[in-house]
Amino acid sequence: MTHKKLVKDIMIDVFEYPHIPYWFTIRQAIGIIKKSRIGTEKPIYPIAILVFDEKYNLMGTITPECILKGLEPKIFKPGILAEFEGADIENAMTTYEAMMFNEEAKKRAEKPVSDIMIPAKIYVSSNDSIAKAAFVMIHHNVSILPVLEEGKKLVGVVKIFEIFDEISKTIIE
């Protein structure tokens with residue numbers, strides 16, 4: 001049995017999904033995420049925010065993980081905990097906590113989202129199958145995909161949750 005649903009059947013319209021220009025700050029992105037989670041009748045719970053340029057071309061996405069990494073002090077480079085042992089790890093975590101909840105963190109939140117976004121490189125077509133979207137998400141380790149129409153016009157996004165719902169219906173039924 002072939003599954004007939006296409007990406008366009010489950011995608012969220014681009015204008016209904018949270019999006020910001022690349023010059024917005026991390027602080028503004030935080031506000032957009034919080035507003036879209038609690039400020040709407042039908043919360044979208046964005047797993048990413050779309051980032052556009054001035055001509056409304058998609059540049060990338062911002063995830064909560066990107067935001068947290070953007071707020072992280074530069075001294076905590078990737079893999080730094082491997083350099084610590086025992087009590088030093090506890091001291092490092094105490095320092096980390098203090099640095100994530102201080103005035104410097106508020107200053108780091110003024111960086112533009114273009115500094116922390118994930119560049120948009122992977123897309124699906126609105127006429128692609130849901131299975132293809134699942135394959136792309138799994139093999140590129142992404143949980144949101146921009147959806148293009150006619151190979152260039154961004155028309156929406158598809159999230160892993162919608163893909164999961166469609167595939168799980170088949171499994172459960």
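Our subject is the structure listed above.
A short tour of the structure in this document, coming up. (Residues numbered from 1 in each chain as written. Predicted model: local features only at pLDDT ≥ 70, side-chain atom pairs only at ≥ 80, totals over all residues. Heavy atoms only, no water.)

**Brief notes about the pairing of strand S4 (residues 58-62)**
Consideration 1: Across the 5 residues of S4, 4 count as buried, placing the element largely inside the fold.
Consideration 2: The sheet contact formed by strand S3 (residues 49-52) and S4 spans 4 bridges and is antiparallel. Residue pairing in the sheet places Ile49 in a bridge with Ile62 of S4.
Consideration 3: Between S3 and S4, which follow one another and run antiparallel, lie 5 residues, and Tyr56 among them has a positive phi close to 65°.
Consideration 4: The sheet contact formed by S4 and strand S5 (residues 118-119) spans 2 bridges and is antiparallel. Bridge assignment links Thr61 to a residue of S5, and that residue is Ile118. (Buried < 20%, exposed > 50% of the residue type's maximum accessible area, 1.4 Å probe, protein only. Helix = DSSP H or I, 4+ residues; strand = E, 2+ residues; numbered from the N terminus. Pairing = 2+ DSSP bridges.)

**Digging into the packing of aromatic side chains**
Two aromatic rings, taken as a pair, are described by how far apart their centres are and by the angle between their planes.
Consideration 1: If you walk through the whole model with that rule in mind, you get 3 aromatic pairs.
Consideration 2: Measuring from ring centre to ring centre gives 4.4 Å for Phe52 and Tyr56, while their planes differ by 20°; the resulting arrangement is stacked.
Consideration 3: Accessibility expressed as a relative area gives 2% for Phe52, which makes it buried.
Consideration 4: Taking the relative accessible area as the measure of exposure, Tyr56 reaches 40% and is therefore partly exposed.
Consideration 5: Of the aromatic side chains, those joined through ring pairs into one cluster are Phe15, Phe52 and Tyr56. (Phe/Tyr/Trp six-rings, centres within 6.5 Å; stacked < 30°, edge-to-face > 60°.)

**Quick notes on the sheet that holds strand S8 (residues 153-159)**
Consideration 1: A sheet is described by the order of its strands in space; here 4 strands give the open sequence S1-S8-S7-S6, paired in mixed fashion. At either end of the open sheet lies a strand with only one pairing partner, and these are strand S1 (12-13) and strand S6 (124-125).
Consideration 2: As judged from the 2 bridges shared by S1 and S8, these two strands associate in the antiparallel manner. Its bridge partner lying in S8, Asp13 is registered against Gly156.

**Quick look at helix H3 (residues 64-71)**
Every α-helix winds through 3.6 residues per turn, so residues three or four apart in the chain are directed the same way.
Consideration 1: For H3, the set of buried residues is Cys66, Ile67, Gly70 and Leu71. All buried residues of H3 fall inside an arc of 130° around its axis, so they share one side. In H3, the exposed residues that point more than 90 degrees away from the buried face are Glu65, Leu68 and Lys69. (Arc of directions from axis to C-beta.)

**Some words on the nonpolar core**
Note that soluble globular proteins tend to have their nonpolar side chains buried in a common cluster.
Consideration 1: Grouped together as the largest cluster of nonpolar side chains are 15 residues, with contacts concentrated most on Ile62 and Ile67.
Consideration 2: Taken together, the elements giving at least two residues each to this core come down to helix H2 (26-38), S3 and H3.
Consideration 3: Residues in contact with Ile62, not counting those within four places in the same chain, are Ile47, Ala48, Ile49, Val51, Ile67, Val113, Ile116 and Met117.
Consideration 4: Counting residues in hydrophobic clusters, the runner-up holds 13 residues, among them Ile10, Met137, Leu145 and Val158. (Core = buried A, V, L, I, M, F, W, Y, C linked by side-chain atoms within 4.5 Å. Contact = heavy atoms within 4.5 Å.)

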